[in-house]
Amino acid sequence: MNPRPDPRQLATPGDGIAKGDVLLDVRNVSLAFGGVKAITDISLNVLKGEIRAIIGPNGAGKTSMLNVINGFYTPQQGTIVFRGKERRSMKPHQAVGQGIARTFQNVALFKGMSTLDNIMAGRSVLMKRNIGWQMLWHGPALREEIEHREKVEEIIDFLEIQHIRRTPVGKLPYGLQKRVELGRALAMEPTLLLLDEPMAGMNLEEKEDMSRFIIDVNQQRGTTIALIEHDMGVVMDLSDRVVVLDYGKKIADGTPDEVKGNQDVIDAYLGVPH
Amino acid sequence: MDILNGILVKPFADMAAAPDFLLQVLWEGLVGGVLYALIALGFVLIYKSSRIFNFAQGIMVVFAALTLVGLYEKGLPAFIALPLTLVVMLVLAMTIERVVLRPLVNQPDIILFMATIGITLFLIGFGELIFGGENKVMITEQLMIPTGSFVFELFGGFVSIEQKDLTAVVGAVLLVAGLLVFLNKSKIGRAIRALGDDHQAALSVGISLSTIWVIVWFIAGVIALATGIVWGARAGVSFALEVIAFKALPVLMLGGLESVMGAIIGGLAIGILEKVFEIYWGQPLLGGNTEAWFAYMLALLVLLFRPQGLFGEKIIERV
Amino acid sequence: MFYPTAGQFKTSYQADHALFPVRQDAILLGVIAVLAFVVFPLTANEFTFRALLIPVLIYSLAALGLNILTGYAGQLSLGTGAFMGVGAYACYKLVSIFPEMNIVVAIALSGFFSAAIGVIFGLPSLRIKGFYLAIATLAAQFFLVWLFQKWGWLYNYNASGAIQVPNIDLFGITVAGPRATAVAQYYFVLCTVCVITLFAINITRGRIGRMWKAVRDMDIAAELVGINLMRAKLTAFFVSSYIVGIAGALFVFLWRGAAEANLFDIPLSFRVLFIAIIGGLGSVLGNYLGAILIVALPVIISTVPEAFGLPIGSATVEHLNVMIIGALIITFLIVEPHGLARFWAVIREKFILWPFPH
């Protein structure tokens, strides 16, 4: 057990957690909706700098797990320690403030807004100028807007979506929407990035692009990533460690090779009666 | 202390002192509530079957009543004017389906809502253009509705119940009962309910969307006509009736948009409560006319604690 | 041909963030400004000022306020009229309590009263969504109008129950009250509307505007990218009600000259809502186009048939007017749900690409 750290230290981005230390620690979390148990007593951790995969059959509680981590659901039992700070319940926007960003299983973009505005919206938390300056659109407000625009343009270049900068995202094909959504999450400059099925519904080429982006984000930006994915080939190639859930319980945890050989995992995927 | 007394003690003392008057107030509130419930019922039917929040329901009441009286004034006897009005409501339902709903299918809810505001305006203008804007008298006697009143001696005083109000209540009960039987027992009724749950699924069992919409809007039109006759008999037929359409909104919110029972209970509750509040609190303490806002404030308070209304389906958010 | 944008390259993000990145837009606006500030005042008569120009400006401003709430932040409001009333009554009380107060200050302050009331009735939006929220704004609508009638202090216990605008000077020129000239009032309204529009454009295109649009498009996702829903919604109610309140103060002080409580009743709310819908939700320009249409329509209906020798009664004009507005709303929703503003955008796009079809 770590001693409780000084909160002032936590506020700074370089919070003293070195690569390979525990960044996120989920301890004995249980979540139920009415009588339906979505997650039963799961513990798992994510180390700083790694790509961590959460896999499991449909209904295993993967998305619920992400929802617990970023504060959208409050678990009935258990605690979550992020960057050494313990919490039970929080608002999702507070999770973002702490450095957790995510994408969604079904794309959750702002359909009426352009690609640029969607990604800029991801930086809302980081922008500070008040309504008075905004009204005038001069001085600090304009400087701030341009400063963030430059950051956003870097992301746009990185994801190779310059040509759709001004297009309303509702009109984009699915693969590109997923990419814009990744861009919006990156714009938040997260410490921990949660990706919920980033490659669902993509063709092979798009999957390769997306894998490349994920690896680049992890290596160039040093962002820790936790992802849910069904494509086993992708998961085994990308991730450093894999945790397997089934019926809301953890059945395996380890490196891709360890998990692949685990009998429980094989049973869960091949469908042995419980 | 005077104020506390006026709020907490005096109203109840007044009620206890004159129970016959209280009964009279409750009856008046109940009759008003029946009318609110009827309008709300039209809303719920359309919402359940097509997810359209039909703002025009209130104006359909006025339009139906105006058509009936207008046709009578043109020299047609009541027993012909009444079925002819039903035909007009059917034509209206078909026109709305063809001209408004079909081109707007699959649009966001808010667009459809705005479209019904458009229908409302169109019907107001159209109705006034044809029948004139002045107040008309409902043809109560010609429709064989009794107009006398029963007087009961109670608690040393008396309670007077107008026969047309009684007819209204009985008629509303029969209408609602018939509607419930239709919705639950007939093939089309079940289809309407299925449509509310899932368009695709309903279509896949071979029900034509257009037909159902026409039927639903026609039923809403029939309910509107019934409401129009009853309300018109009490207050005359004019576009001032519009305000009761607005009253139906808090009723709906209170009851939940999708619940037939909610509409009925919500309507009765608001009818009675607003009357009691007006007589015992509004007039002595606030200068009266509190019926203008009481229903909304009540609905707002309830919604703050139950955002889906008293009988609405609980909303679970997910991503 | 009219809009060749080829060759206009941006070399900095600052240039890209200018109010008019396309030069022709700025020229067009310049032409409109000359018309509004020079040509109209020189040519318009009393009737044109009072029946067309001033009401168009004031209704545009009210619709702009509503549009921020409904079009940008996605919160449906049916109570605009009552919030205009709050602005008007607040301005009236300020002017009667502090007769020395500058009228510009009084109007600017009165907006804060409607903004505060707007935030109070916006609080339910944190729990209630969509159509259910309409009830909160309707509650405000009916309650406030009732209050305007019953609370004598608001109208200084006048026997008539109405508020009367006194003569008010600004820099030696009478701008409000019976002595004011239409030209002075027109300039006053025009300047106010221009300034507030500029502020509104700046707010809607920056961080706050993006937050509003995010909440409108998908509130759950907005929350999950770190937007504080409560703050976003309440700022929308605040800014929207502020502008609506200013429009209400102008409505009474610079145009009607007197007002009774029922002036702010539901028909006013709906008229403003129609302007916003027909003009285009989520657009600033649309409010002006919508207001021009809605204000001009009855004038057109009453004058055009007359020109063809078919005079029609004023009651018929009113009925036809209501009917046509209803039909227009339906037509717009079917043909172009984004209203007149989108029509203009499409035409502009055509000009930019001309002579190529795509």
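Calculation notes
Residues numbered from 1 in each chain as written. Chains lettered and ligands numbered in written order. Predicted model: local features only at pLDDT ≥ 70, side-chain atom pairs only at ≥ 80, totals over all residues. Helix = DSSP H or I, 4+ residues; strand = E, 2+ residues; numbered from the N terminus. Rg over C-alpha atoms; globule rule 2.2 N^0.38 Å. Buried ≥ 20, exposed ≤ 12 C-beta atoms within 10 Å, placed from the backbone. Contact = placed C-beta atoms within 7 Å. Pairing = 2+ DSSP bridges. Axes fitted to C-alpha atoms, helices over the stretch in contact; angles between N-to-C directions. Nonpolar A, V, L, I, M, F, W, Y, C, P; charged D, E, K, R; others polar. UniProt positions renumbered as here; feature names shortened; annotations may be inferred.

A. Structural view of the overall build of chain A. For chain A, the count of helices and strands is eleven helices and ten strands. Computed over C-alpha atoms, the radius of gyration of chain A comes to 19 Å, within 12% of the 19 Å expected from 2.2 N^0.38 for 274 residues, which places it in the range of a compact globule. Residues classed as buried in chain A amount to 43% of the 274 residues present. Of the contacts formed within chain A by residues at least 6 apart in sequence, a portion of 68% connects residues at least 24 apart.

B. Spatial organisation of the sheet that holds strand β10 (residues 249-254) of chain A. All names here are of chain A. Overall, mixed pairing links the six strands, which are arranged β6-β7-β8-β3-β9-β10 in an open sheet. Edge strands, defined here as strands with exactly one partner in the open sheet, are β6 (100-102) and β10. On average, each strand axis in the sheet is tilted by 20 degrees relative to the strand beside it, whichever way the strands run. When strand β9 (residues 241-246) meets β10, the two strands line up antiparallel, connected through five bridges. Across the sheet, V243 pairs through a bridge with D253, a residue of β10. Here helix α2 (residues 62-69) sits on the sheet in contact with β3 (51-55), β6, β7 (192-196), β8 (224-228) and β9, set at roughly 150 degrees to β7.

C. Spatial organisation of unusual backbone geometry. All names here are of chain A. Positive phi is not limited to glycine here, since E160 has a value of about 55 degrees. By the element assignment, E160 lies in the loop between α6 (140-158) and α7 (174-187). Since 11 C-beta atoms lie within 10 Å of it, E160 is described here as exposed. Not every positive phi belongs to a glycine, and E189 is a case in point at roughly 50 degrees. When you line up the elements, E189 lands in the loop between α7 and β7. The class of E189 is partly exposed, set by 18 C-beta atoms lying within 10 Å.

D. Spatial organisation of the pairing of strand β4 (residues 77-82) of chain A. Residues and elements named next belong to chain A. Bridge count between strand β1 (residues 22-33) and β4: five bridges; the pairing is antiparallel. The partner of L24 across the bridge, within β4, is F82. Of the pairings in the sheet, the one linking β4 to strand β5 (residues 85-87) comprises three bridges and is antiparallel in character. By the bridge assignment, F82 is partnered in β5 with K85. The turn linking β4 back onto β5 is made up of two residues, and R83 within it adopts a positive phi angle of 50 degrees.

E. Highlighting the interface of chain A and chain C. Taken together, the contact pairs 32 residues of chain A with 24 residues of chain C. Within the residue set of the side of chain A that touches chain C, elements represented by two or more residues are α3 (92-98), α4 (115-121), α5 (131-136) and α6 of chain A. Element by element, the count of residues in the side of chain A that touches chain C is highest for α6(A), at six residues. A class-by-class count of the residues in the side of chain A that touches chain C yields 18 nonpolar, seven polar and seven charged.

F. Main features of the interface of chain B and chain C. With 40 residues of chain B at the interface, the matching set in chain C holds 30 residues. Broken down by secondary-structure element, the contributors of at least two residues to the side of chain B that touches chain C are α5 (109-131), α10 (242-255) and α12 (294-305) of chain B. Considering each element in turn, the side of chain B that touches chain C owes the most residues, 16 residues, to α5(B). For the side of chain B that touches chain C, a count of residues per class yields 31 nonpolar, seven polar and two charged.

G. Region of interest: the UniProt feature "transmembrane region" (unreviewed entry) in chain B. Residues and elements named next belong to chain B. Cross-referencing UniProt, the feature "transmembrane region" (unreviewed entry) maps to residues 25-45, 52-72, 78-101, 110-131, 166-183, 203-231, 251-273 and 293-311 in the present numbering. As a span, residues 166-183 carries 100% helix and 0% strand, and end to end its C-alpha atoms are 26 Å apart. Structurally, residues 293-311 is divided into 63% helix and 0% strand, and its ends, taken at the C-alpha atoms, are 22 Å apart.

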